[in-house]
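# Remarks on the overall topology
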Amino acid sequence: MKKIIAFFCLAVACHGVAHSQLYMTRTGFIGFYSKTSFEDIDAENHQVYAVIDAGKKNIAFAVLLKGFVFTKELMQEHFNENYVESDKYPKASFSGSYTGDAPPNKDGLNHVMVKGNLTLHNVTRAIEEPATLEFKEGKLSGRADFTIRPEDFQISIPSIVRDKIASVIAVHVLIDCSTTK
């Protein structure tokens, strides 16, 4: 399954590429956080696949939902079985592009706008969020912070726990990529 996701990311980012500079990682990070007066929920995944075509400014991510680790095991079980239904919908993905001046041949931090389609729980939504890309010594680091609403992805929260899960979930993305050969 991991090879299929990696191929997916590479195929999306490389479609029609002739002279582009590709950056890739299999160890990216996505964390999401829900804070309420009743409970804090933190989940992190360090197995995020990402491919960035710096020449065409294309970007693709894929993450297996079962790879999210929670501070409480029961939360992880509920997340996979009751909310995202990870057996039925095993991954989340993003495919899109970025705008802004971010030359890959020049070291430095660049502020960009990422725009594309986020698919979660078999629902695809268009998103547009600010991010940073930093090129340094032939490597690329990316960072984005944004929010999502579970109901936008048809993720139902039972009324019995609705007060324990925030209506808006904070998402944090960090990637460190190397050039592909």
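Refer to the structure printed above.
Here goes a summary of the coordinates provided. These figures come from a predicted structure and were not determined experimentally.

Mapped onto the elements of the fold, Val 63 is located in strand 3 (residues 58-64). Spatially, the C-alpha atoms of Val 63 and Asn 45 are 8.0 Å apart, while their sequence positions differ by 18 residues. Excluding residues that lie within four positions of it along the chain, Val 63 makes contacts with Ile 30, Asn 45, Val 48, Phe 68, Pro 90, Lys 91 and Ala 92.

Turning to the pattern of salt bridges, a few remarks are in order. Under the definition given, this model contains 4 salt bridges. One salt bridge in this structure joins Asp 87 and Lys 66, with 2.4 Å as the shortest N-O distance. With a gap of 21 residues between them, Asp 87 in the loop between helix 2 (73-83) and strand 5 (91-99) and Lys 66 in the loop between strand 3 and strand 4 (69-70) connect regions that are remote in the sequence. What makes Lys 66 partly exposed here is its relative accessible area of 48%. The salt bridge partner of Asp 145 is Arg 143, with a shortest N-O separation of 3.3 Å.

With respect to the helices and strands, the residue Ile 30 is situated in strand 1 (residues 22-35). Remark: the alpha-carbon pair of Ile 30 and Val 63, spanning 33 residues in sequence, is separated by 8.5 Å. Those residues within four positions of Ile 30 in sequence are excluded, and the remaining contacts are Ala 43, Glu 44, Asn 45, Val 48, Val 63, Phe 68, Val 171, His 172 and Val 173.

Another aspect to go through is the layout of surface pockets. Taken as a whole, the largest pocket encloses approximately 970 Å³ of empty space. Phe 32, Phe 79, Ile 148, Ile 169 and Val 171 are the residues nearest the centre of the largest pocket, which is lined by 46 residues in total. With 6 residues, the top contributor of residues to the lining of the largest pocket is strand 7 (residues 123-136). In terms of residue class, the lining of the largest pocket is made up of 35 nonpolar, 5 polar and 6 charged.

A word on helix 2. Within helix 2 the residues assigned to the buried category are Met 75, Phe 79, Asn 80 and Tyr 83. Projected down its long axis, helix 2 shows its buried positions confined to an angular sector of 125°, all on one face. Of the exposed residues in helix 2, the ones pointing more than 90 degrees away from its buried face are Glu 73, Leu 74 and Glu 81. Taken together, the buried residues of helix 2 touch strand 1, strand 2 (40-53) and strand 4. Taken from the residues just after helix 2, Glu 85 is the one with a positive phi, measuring 50°.

Time to look at the packing of aromatic side chains. Applying the stated criterion across every chain yields a total of 6 aromatic pairs. Relative to Phe 79, the ring of Phe 32 has its centre 5.3 Å away and its plane inclined at 35°; by these criteria the two rings are tilted. Within this pair, whereas Phe 32 is found in strand 1, its partner Phe 79 is found in helix 2, the two being separated by 47 residues in sequence. Using a relative accessible area of 14% as the deciding quantity, one classes Phe 32 as buried.

The rules behind these values
Residues numbered from 1 in each chain as written. Predicted model: local features only at pLDDT ≥ 70, side-chain atom pairs only at ≥ 80, totals over all residues. Heavy atoms only, no water. Helix = DSSP H or I, 4+ residues; strand = E, 2+ residues; numbered from the N terminus. Contact = heavy atoms within 4.5 Å. Salt bridge = Lys/Arg side-chain N within 4 Å of Asp/Glu carboxyl O. Buried < 20%, exposed > 50% of the residue type's maximum accessible area, 1.4 Å probe, protein only. 1 Å grid on protein atoms, 1.4 Å probe; cavity = no way out; pocket = protein on both sides within 12 Å on 5 of 7 lines; lining within 4 Å. Points joined across faces, edges and corners; volume = space filled by probe spheres on them. Nonpolar A, V, L, I, M, F, W, Y, C, P; charged D, E, K, R; others polar. Arc of directions from axis to C-beta. Phe/Tyr/Trp six-rings, centres within 6.5 Å; stacked < 30°, edge-to-face > 60°.

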